[in-house]
Amino acid sequence: MGETDNGYPETEKIVRMSKLFHVSLDYLLNEEDTEKPEISPDEKGIYVSREMANGFLLYQKWKHLRIALAVGIMVGSLSFSFMWSDIFTLLFMLVWIVGIVLLFSVKIADNPYRKLWNEPLLFDKAVEAELNTAYAEKKKFLQLFNLIGIAFIALGFLFFPLIVPAELTLENNISLAAGMIVAGIGIFFCIYMSGLVRAYRLLIMNEAYQQKGK
């Protein structure tokens, strides 16, 4: 039986189309989905569907959360080095082991969106508008916490060491320890918020690809 206007292409063709446009089979088979790619055949690049964009942002969120948490607790654990006790030395080592494991878990994890950093990205107009709106709504929040993180880092490394005179050994050590904790919190904010901003900029501005081409 030949194909008619109401028929479906063979399964093999559908699979090839899903790979070509980087969309799911459900997306291709959903007749009521009004999101259709409005892209010229002459344009070169990766078509990013709404599904792919949301998946990429979620992946980047969890990736940078782990990186930020790892680096943040490793810096914060430096506070233990100002406490002269074997138990604090043990805690310091345990926290660093946890931090290293978190960093390696990010390094060895599969990244299904690696190609997005190296190729031009193509969007349906509706998806592009949604991304721009979402970024505009979150931009101030992300930048605010990034600035808070920078302020915490400055306080932890520059201000807290000066609060108590060095002659007061115990009090000075407590102040230095508190400074490391505050700096660790600041580093967490900076890494996490900067990672999310970078992810949005990749989708909206194709920033990584543009910089690579320069």
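Residues numbered from 1 in each chain as written. Predicted model: local features only at pLDDT ≥ 70, side-chain atom pairs only at ≥ 80, totals over all residues. Heavy atoms only, no water.

1. Let's talk about the overall build of the protein
Then, in step 1: Within the protein one finds 7 helices and 2 strands.
Then, in step 2: Put simply, the protein runs from its N terminus to its C terminus through helices and strands in the order α-α-β-α-α-β-α-α-α.
Then, in step 3: Here the protein holds 214 residues, and the buried ones make up 34% of them.
Then, in step 4: Taking all contacts inside the protein whose residues are at least 6 apart in sequence as the whole, residues at least 24 apart take part in 76%.
Then, in step 5: For the protein, the accessible surface area stands at approximately 13,800 Å², while carbon and sulfur atoms represent 65% of it. (Helix = DSSP H or I, 4+ residues; strand = E, 2+ residues; numbered from the N terminus. Buried < 20%, exposed > 50% of the residue type's maximum accessible area, 1.4 Å probe, protein only. Contact = heavy atoms within 4.5 Å. Areas by Shrake-Rupley, 256 points an atom, 1.4 Å probe, with all protein chains shown as cover.)

2. Points about the confidence of the model for the protein
Then, in step 1: Residues with a pLDDT of 70 or more make up 76% of the protein, whose mean pLDDT is 82.
Then, in step 2: In the predicted structure, residues 1-8 sits below a pLDDT of 50 and forms 6 contacts with residues beyond four places in sequence or in another chain.
Then, in step 3: Ignoring residues within four places in sequence, the model shows residues 31-37, a span with pLDDT below 50, making 14 contacts including any to other chains. (pLDDT = per-residue confidence, 0-100.)

3. A look at the packing of helix 3 (residues 50-76) against helix 4 (residues 86-108)
Then, in step 1: At a minimum axis separation of 8 Å, helix 3 and helix 4 run at an interaxial angle of 155°. Put simply, helix 3 runs roughly antiparallel to helix 4. The two elements helix 3 and helix 4 cross, and the hand of that crossing is left-handed. Residues Lys63, Arg66, Ile67, Leu69, Ala70, Val71, Ile73 and Met74 of helix 3 touch helix 4, and the partners they reach there are Val95, Trp96, Val98, Gly99, Ile100, Leu102, Leu103, Ser105 and Val106.
Then, in step 2: Considering only residue class, the contact of helix 3 with helix 4 consists of 13 nonpolar, 2 polar and 2 charged. (Axes fitted to C-alpha atoms, helices over the stretch in contact; angles between N-to-C directions. Parallel < 35°, antiparallel > 145°, perpendicular 65-115°, else oblique. Left-handed = near helix turned anticlockwise from the far one by under 90°. Nonpolar A, V, L, I, M, F, W, Y, C, P; charged D, E, K, R; others polar.)

4. Concerning the environment of Ile148
Then, in step 1: As for its placement among the helices and strands, Ile148 is situated in helix 5 (residues 125-163).
Then, in step 2: Residue classification places Ile148 among the partly exposed residues on the basis of a relative accessible area of 27%.
Then, in step 3: Between the C-alpha atom of Ile148 and that of Gly186, which follows or precedes it by 38 residues, the distance is 6.9 Å.

5. Remarks on the packing of aromatic side chains
Then, in step 1: Under the criterion given, the structure shown has 12 aromatic pairs.
Then, in step 2: The interplanar angle of 25° and the centroid separation of 6.0 Å between the aromatic rings of Phe188 and Tyr192 together place this pair among those described as stacked. Of the two residues, Phe188 and Tyr192 are both situated in helix 6 (residues 169-205); the distance of 4 residues between them amounts to about one turn of the helix.
Then, in step 3: The structure contains a cluster of three or more aromatic residues connected by ring pairs, namely Phe141, Phe145, Phe152, Phe188, Phe189 and Tyr192. (Phe/Tyr/Trp six-rings, centres within 6.5 Å; stacked < 30°, edge-to-face > 60°.)

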